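What follows is each chain in one-letter form.
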Amino acid sequence: MKTIHTVADMQGLRRELSGNIGLVPTMGFLHKGHISLAKRARAENDLVIATIFVNPTQFGPNEDLAAYPRDLPRDLSLLENAGVDFVFVPTPDELYPPGFQTWVELDDLPQRLEGAHRPGHFRGVATIVTKLFNLTRPTRAYFGQKDAQQAVVIRRFTRDLNFDIDIVICPTVREPDGLAMSSRNIYLNPKERQAATVLFRALSTAQAAFSDGERDADRLRTMMQGILATEPLARPDYVSLADAETLAELSGQIEGRALASMAVRVGPARLIDNMILN
Ligand code: PAF
């Protein structure tokens, strides 16, 4: 596995590569969810490029950029074991040099869910992913369903900007007790870690009710809020039952695919999770 640090080296390398390329963008501090993306990319492509970059432009002023967990040696060894060929590990100055002023912004999707609580977040995500697409020109790019809104945003701007890239969204990988794997789980102490399972319980309850025929969006949302309220350490930012494509909040009868999602603060961590009701 070869590690690349600069834009010039990444561009030079890409000019030499041929065949199908799978891209796995990450912010590092990898867990089994990331590794599942890398393994799927390995199985479906001739070459795999992973990226590790804690993207400053998707963090708000009060968010955990400086404290975001990092462990590059461990990440590199995990990626190598997953069969990744190249890892791009740029510095912030490489990707955002002085004078940088070009952004990728979407109209409606970022106004909803996570975007409504994290102004500017999806502008940062869309811009960095566009830059990584341009630098690596992949055939396929792999992202996790855990970041459901991010997946919808990336699919949208890939179509809108005519990137010839298949966006592959892989299932959320969970701990045995249902907690979605996340680099942010490291912030939880043992009591908070136990409390954090309430997100999975709330979502599973909504999914079970939906499977049993419940189609009223408001009742499903109330059901999830009720479960979260049983956990004193859980402080919800939002609980949503939305259209899975437009992310518009639903009320009354659900017709198509719906996205049940939530962001919940537990101790110092802000956790997100979701399930598609189909
Ligand atoms: O999902 C993430 O880890 C990040 O948002 C991404 C896609 C790597 C962009 O920084």
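Residues numbered from 1 in each chain as written. Predicted model: local features only at pLDDT ≥ 70, side-chain atom pairs only at ≥ 80, totals over all residues. Heavy atoms only, no water.

Novice: Looking at this structure, I do not really get the packing of aromatic side chains. What am I missing?
Specialist: Summed over the entire model, instances satisfying the criterion amount to seven aromatic pairs. Relative to Phe-100, the ring of Tyr-96 has its centre 4.9 Å away and its plane inclined at 85°; by these criteria the two rings are edge-to-face. Ring geometry for Phe-100 against Trp-103: centres 5.2 Å apart, planes inclined by 80°, an arrangement best described as edge-to-face. Pairwise contacts between aromatic rings join Phe-53, Tyr-96, Phe-100 and Trp-103 into one cluster. Over the ring of Trp-103 we find Arg-123; its NZ or CZ atom is 4.0 Å from the centre of that ring. Above the ring of Phe-210, the side-chain terminus of Arg-215 is found at 3.7 Å from the ring centroid. (Phe/Tyr/Trp six-rings, centres within 6.5 Å; stacked < 30°, edge-to-face > 60°. Lys NZ or Arg CZ within 6 Å of the ring centre and 35° of its normal.)

Novice: What should I look at first to understand the sheet that holds strand β8 (residues 258–266) in this one?
Specialist: Note: strands within a sheet are paired through backbone hydrogen bonds, in either parallel or antiparallel orientation. Pairing is antiparallel across the open sheet formed by three strands, whose spatial order is β7-β8-β9. In the strand order of this sheet, the two ends are held by β7 (234–243) and β9 (269–277), each with one partner. The mean inter-strand angle of the sheet, taken between neighbouring strand axes irrespective of direction, is 15°. Bridge analysis of β7 against β8 gives nine bridges, and the strand direction is antiparallel. (Pairing = 2+ DSSP bridges. Helix = DSSP H or I, 4+ residues; strand = E, 2+ residues; numbered from the N terminus. Axes fitted to C-alpha atoms, helices over the stretch in contact; angles between N-to-C directions.)

Novice: Even after reading the chapter, I still don't get the pairing of strand β3 (residues 47–52), so can you show me in this structure?
Specialist: Both faces of the sheet carry side chains from a regular strand, because those side chains alternate between them. Most of β3 sits out of view: six of its six residues are buried. Across six bridges, strand β2 (residues 21–26) lies against β3 in parallel orientation. Among the inter-strand pairings, Gly-22 is bridged to a residue of β3, identified as Val-48. What joins β2 to β3 is helix α2 (residues 32–44), and the crossover it makes is right-handed. For β3 and strand β4 (residues 86–88), the ladder comprises three bridges, and the chain directions are parallel. Residue pairing for β4: Ala-50 is matched across the bridge by Val-87. Read as a crossover between parallel neighbours, the route from β3 over helix α3 (residues 72–81) to β4 is right-handed. (Buried < 20%, exposed > 50% of the residue type's maximum accessible area, 1.4 Å probe, protein only. Right-handed = clockwise from strand over helix to strand, strands pointing away.)

Novice: How should I be thinking about the environment of Arg-42 in this particular structure?
Specialist: Residue placement: Arg-42 occurs in helix α2. Assessed through its relative accessible area of 26%, Arg-42 is described here as partly exposed. Distance from Arg-42 to Gly-12, taken between C-alpha atoms, is 22 Å for residues 30 residues apart in sequence. With residues up to four places along the chain from it excluded, the contact list for Arg-42 reads Leu-47, Val-48, Ala-82, Gly-83 and Asp-85. (Contact = heavy atoms within 4.5 Å.)

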